[in-house]
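Descriptive structure summary
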Amino acid sequence: MNANAGKATGSATAVVVGAGVGGLATAVGLRRAGWAVTVLERRTTPERYGTAFGIHPTAQEAVDRLGLGEALRARAVPYRSARIRRPDGRVLAALPLERVERKAGRPELLVSRPHLLDALLAELRRLGGAEIAYGTRLTDPAPLDADLVVGADGIHSVVRTTRFGTGSAVRSLATEAWIGIAGFETGTYGETWGEGRFFGMTPVEPGRTNWYAVVPKAAGENGNTGGAAGAAEGLRAAFADWHDPIPRLLADTDPATWIRYDMRHLHPALPRFTAGGRVALVGDAAHAMTPNLGQGACTALLDAEALTRAVALHGPADLPGALRAYDTERRRSAQRVALASRTLHRFMTGRHPALRDALVGLLPG
Ligand SMILES: Cc1cc2nc3c(=O)[nH]c(=O)nc-3n(C[C@H](O)[C@H](O)[C@H](O)COP(=O)(O)OP(=O)(O)OC[C@H]3O[C@@H](n4cnc5c(N)ncnc54)[C@H](O)[C@@H]3O)c2cc1C
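Computed from a prediction, not measured in an experiment: that's the story for all the values here.

With that out of the way, let us pick up the sheet that holds strand β14 (residues 259–267). Across the sheet, seven strands lie side by side as β6-β5-β11-β12-β13-β10-β14; this open sheet has mixed pairing. The sheet is open, and its two edges are formed by β6 (91–94) and β14, each paired on a single side. Between one strand axis and the next, the sheet turns through 25° on average, direction left out of account. By the bridge criterion, four bridges tie strand β11 (residues 190–193) to strand β12 (residues 198–205) in an arrangement that is antiparallel. Looking at β12, one finds that Glu-191 is bridged to Gly-200. Of the strands in this sheet, β10 (169–182), β11, β12, β13 (208–216) and β14 touch helix α13 (residues 319–348), which is tilted by about 50° from β11.

Here the focus is the nonpolar core. Counting residues in each nonpolar core, the largest one holds 66 residues, and the members touching the most others are Leu-30, Trp-35, Ile-55, Leu-116, Leu-148, Leu-307 and Val-311. Considering every element that reaches this core, the biggest residue donor is helix α12 (residues 296–314), with nine residues. Filtering out sequence-adjacent residues up to four positions away, Trp-35 remains in contact with Ala-12, Thr-13, Ala-14, Leu-30, Asp-147, Leu-148, Val-311, Pro-316 and Leu-319. One finds Leu-92, Phe-198, Met-201 and Ala-213 within the second-largest nonpolar core, a separate group that totals 39 residues.

Here β10 pairs with β13 via eight bridges, running antiparallel. Counterpart to Ala-177 in the pairing with β13 is Val-214. Sheet topology note: the β12/β13 ladder contains seven bridges and is antiparallel. Of the residues in β13, the one forming a bridge with Gly-200 is Tyr-212. Count of turn residues in the β12/β13 antiparallel hairpin: two residues, of which Gly-207 carries a positive phi of about 80°.

In this section: helix α6 (residues 113–127). Taking 1.5 Å of rise per residue, 15 residues should cover 21 Å, and α6 covers 21 Å from first to last C-alpha, within 8% of that figure. Summarising the contacts, the buried residues of α6 are in contact with α2 (21–32), β3 (52–55), α4 (69–75), β7 (109–112), β8 (130–134) and β12.

Next up on the list: the environment of Val-150. In this fold, Val-150 is placed in strand β9 (residues 148–151). Taking the C-alpha atoms as reference, Val-150 lies 42 Å from Pro-353; in sequence the two are 203 residues apart. The residues contacting Val-150, other than those within four sequence positions of it, are Val-15, Val-16, Val-17, Thr-26, Ala-280, Val-282 and Leu-307.

Relative to the 44 Å expected for 30 residues at 1.5 Å per residue, α13 spans 42 Å between its end C-alpha atoms, a close match to the ideal helical length. The principal kink in α13, of about 30°, is found at Arg-330.

Bringing the domain arrangement of the protein chain into the picture now. You can read the domains of the protein chain as domain 1 (5–80 + 111–170 + 265–347) and domain 2 (173–263 + 350–360). Taken over C-alpha atoms, the centre of domain 1 sits 29 Å from the centre of domain 2. The interface is formed by 18 residues belonging to domain 1 together with 23 residues belonging to domain 2. Summed over both sides, the interface of domain 1 with domain 2 buries roughly 1,600 Å², with 70% coming from carbon and sulfur. Among the residues of domain 1 in contact with domain 2, Thr-51, Tyr-79 and Phe-347 are the three that bury the most area, contributing 37% of the side total. Inspection of the domain 1/domain 2 interface yields zero salt bridges. For the side of domain 1 that touches domain 2, the secondary-structure elements that each account for two or more residues are β4 (77–78) and α13. Looking at which element gives the most residues to the side of domain 1 that touches domain 2, the answer is α13, with five residues. Broken down by class, the residue content of the side of domain 1 that touches domain 2 amounts to eight nonpolar, eight polar and two charged.

Reading guide: rules and limits
Residues numbered from 1 in each chain as written. Predicted model: local features only at pLDDT ≥ 70, side-chain atom pairs only at ≥ 80, totals over all residues. Heavy atoms only, no water. Pairing = 2+ DSSP bridges. Helix = DSSP H or I, 4+ residues; strand = E, 2+ residues; numbered from the N terminus. Axes fitted to C-alpha atoms, helices over the stretch in contact; angles between N-to-C directions. Contact = heavy atoms within 4.5 Å. Core = buried A, V, L, I, M, F, W, Y, C linked by side-chain atoms within 4.5 Å. Buried < 20%, exposed > 50% of the residue type's maximum accessible area, 1.4 Å probe, protein only. Expected span 1.5 Å × (residues − 1). Bend = angle between axes of the 7 residues up to and from the residue. Domains from an automatic or database assignment. Buried area = accessible area lost by both parts, 1.4 Å probe. Salt bridge = Lys/Arg side-chain N within 4 Å of Asp/Glu carboxyl O. Nonpolar A, V, L, I, M, F, W, Y, C, P; charged D, E, K, R; others polar.

If you want it as structure tokens, here you go:
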């Protein structure tokens, strides 16, 4: 790791911890502002696993400002006409995608996580002046010799726990998610809500369908006694009598490619996203949320763009001012999204599906 590289050339220096969406987008923004950047990543190679991210129009504007709009649109697909259904297939309501598109003048997009990471890495290479130190696990940010330290190290952030205390901690929910990509297009998109479980389907790229299944942990654990094959058996059984194409999607996707997520969030919310005039948190490190609103990557991109815009505007001489501006712009907004996502999770997996469905049925179908 060479966090001092920028010192030799006289540029301001930053260390970004974590090469996920938030860390790489921050590195791109800092490079565009002329900073020398070192990214520390505990994994030994670029990490290309993952399925699809929804990118909301406001996050697309942030991506445009980071200079990556074209690269995003080249690999993304629009997300339109999706419905909320019951397990028997009856439509309860429409997801508000048309309204979002009308208001923003552009559609919600879906992009595969590997494509988004590739676009960020390609832009960093094009800009030059950034080093990514793979295989470097940070244990303590205090000795880092850089003007700015950005914690983009995800939900279990070491930067957060060492610099912001452990008052705000990771809470596990009673559910787990399985995600995968099937090798055919369904043409049927949206979410299907059952009792304590739900299933989602979105486009991701031609000829493929992105899906996610959220189930109570006990069901997953029971199903998981036989490893990947056992998990597949449990999950396929849990959705066997749900409407087409749900059982087909699960049957078509090789369980070896399924990804399991513990459903977690950060609670209580942090009192600030910055510390000591030189440390900032972005993305899941600052506000890990449940995925129900599909906003985890969006908020990480918005954080990265807002932080690096503030840093560019204030300049290295007024880093404390830049961090204050970043905290003001992003903290409340990101925390509101996290709370809404958690509330939606409770609503979707609640114990009174009949009441829930009646309420959702009042929305435009
Ligand atoms: C089921 C599910 C579905 C989702 N769907 C969506 C969606 O549709 N749309 C959406 O916007 N979001 C979605 N998300 C959320 C999204 O995956 C994350 O919120 C988002 O990627 C945040 O990125 P990040 O860079 O902050 O963190 P991460 O992607 O977690 O990256 C953190 C990086 O830091 C590295 N790291 C960690 N600790 C250290 C250390 N000590 N030293 C060095 N490196 C370290 C890690 O290896 C990793 O590369 C979903 C999440 C789940 C669980």
